[in-house]
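Results of the structural survey
Listed below are the residues making up each chain.
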Amino acid sequence: MSIQDHDSHKVDSISGTTTTGHSWDGIEELNTPLPKWWLTILYASIIWAIGYVIVYPAIPLVSSFTQGAFGWSSRAAVEADLAELVQQRAPVVAALSKASITEIEKDPKLLAFARASGRVTFGDNCAPCHGAGGGGAKSYPNLNDDDWLWGGSAEQIYETIAYGIRSGHPKAHEGNMPAFGRDGLLKPAEISQVADYVRALSGLSTATGYDKAIGAKVFAENCAACHGDEGKGNQELGAPNLTDQIWLYGSDKATISESIINGRGNVMPAWVGRLDETTIKALTVYVHTLGGGR
């Protein structure tokens, strides 16, 4: 690079730009000015930042923050938006609270609102166990099919949601499956035979050595009181249907034997007191209309 002296400053002979005086291995740095448009934006940003600090909350303090000249805050803005939304929804919510579940499901406007509201409530409170779409998981019932432990009518679903299952609420569904093995009510050989009998009820294969007569006898003496003589279940007790090939815990013999040995008694919380009446009603409508409600 050719450098020449111009008015006591070094100026690049090609670009005509002065140098900064910095040199690396004989290569000198040009003092190229920043573009004016860039400087304009920079200065405007600085002015904007100063104005923002003055107008809006911005500077953190020991236990608080500067409030800003406008007194605006994101929390207050959200609260105002929510209050406006509540006001807009008030007429529909009032109608929903007065209508029965049957009336809601017959009214297209109320049904659409209840399903939309119920879907949000379901996602916040029920999806962690039953899945986002109500498909369930092992030990958590599928709410899309027509297999119900405690009944699938709108009224029965409402009671289950409101009071829970073994939740401790006075109106909760109760009824545990005894631990036949752990408590010594059945011997291992009897548990093996009745486990195969239960599998046979739903058309599943049985193990070598299975004796239907023994399995049927053990079932009749210990299981039929809850599950029925034919294993069709009893919704008043929450006893599942053992013949429909829908299994809450699994259909393999080891899992069925585990249920017989240690019993079953999952808990669903009571939502009354946590959710208001109208919200529970909307949630009931949502669950009832997922596809499996009776």
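Quick look at the structure, then. (Residues numbered from 1 in each chain as written. Predicted model: local features only at pLDDT ≥ 70, side-chain atom pairs only at ≥ 80, totals over all residues. Heavy atoms only, no water.)

Some points on the overall build of the chain
Tallying secondary structure elements over the chain gives 11 helices and 4 strands in all. Taking 2.2 N^0.38 as the reference for a compact globule, 294 residues should give roughly 19 Å; the C-alpha atoms of the chain span a radius of gyration of 36 Å, well beyond that estimate. C-alpha extents for the chain along the principal axes are approximately 115 × 60 × 40 Å. Residues classed as buried in the chain amount to 30% of the 294 residues present. Taking contacts inside the chain between residues at least 6 apart in sequence as the whole, the part at least 24 apart equals 54%. Carbon and sulfur atoms provide 57% of the accessible area of the chain, an area that totals close to 18,000 Å². The average position of the 23 basic charges and that of the 32 acidic charges among the side chains of the chain differ by 7 Å. (Helix = DSSP H or I, 4+ residues; strand = E, 2+ residues; numbered from the N terminus. Rg over C-alpha atoms; globule rule 2.2 N^0.38 Å. Buried < 20%, exposed > 50% of the residue type's maximum accessible area, 1.4 Å probe, protein only. Contact = heavy atoms within 4.5 Å. Areas by Shrake-Rupley, 256 points an atom, 1.4 Å probe, with all protein chains shown as cover. Lys, Arg positive; Asp, Glu negative; His and termini not counted. Charge placed at Lys NZ, Arg CZ, Asp CG, Glu CD.)

Quick notes on helix H4 (residues 108-125)
Look at H4: 25 Å from first C-alpha to last across 18 residues, which is about the 26 Å you get at 1.5 Å a residue. Within H4, the full set of buried residues consists of Leu110, Phe113, Ala114, Gly118, Thr121 and Phe122. Considered in projection along H4, the buried side chains sweep an arc of 165 degrees and stay on one side of the axis. Exposed side chains of H4 directed beyond 90 degrees from the buried face belong to Pro108, Lys109 and Val120. On its buried face, H4 is in contact with helix H2 (74-98), helix H3 (101-106), helix H5 (127-130) and helix H11 (277-288). Looking at where H4 begins, the residue whose side-chain oxygen comes 3.0 Å from the main-chain nitrogen of Lys109 is Asp107. (Expected span 1.5 Å × (residues − 1). Arc of directions from axis to C-beta. Polar contact = N/O pair within 3.5 Å; in protein donor to acceptor, adjacent residues only side chain to side chain.)

Topic: unusual backbone geometry
Positive phi is not limited to glycine here, since Asp25 has a value of about 50 degrees. Mapped onto the elements, Asp25 comes out in the loop between strand E3 (19-24) and strand E4 (27-30). One non-glycine residue, Arg166, adopts positive backbone phi at about 50 degrees. By the secondary structure assignment, Arg166 is in the loop between helix H6 (154-163) and helix H7 (188-201).

Brief notes about the pairing of E4
One ladder, built from 3 bridges, connects E3 with E4; its direction is antiparallel. The partner of Trp24 across the bridge, within E4, is Ile27. The antiparallel pairing of E3 with E4 creates a hairpin that spans 2 residues between the two strands, and Asp25 there sits at a positive phi of about 50 degrees. (Pairing = 2+ DSSP bridges.)

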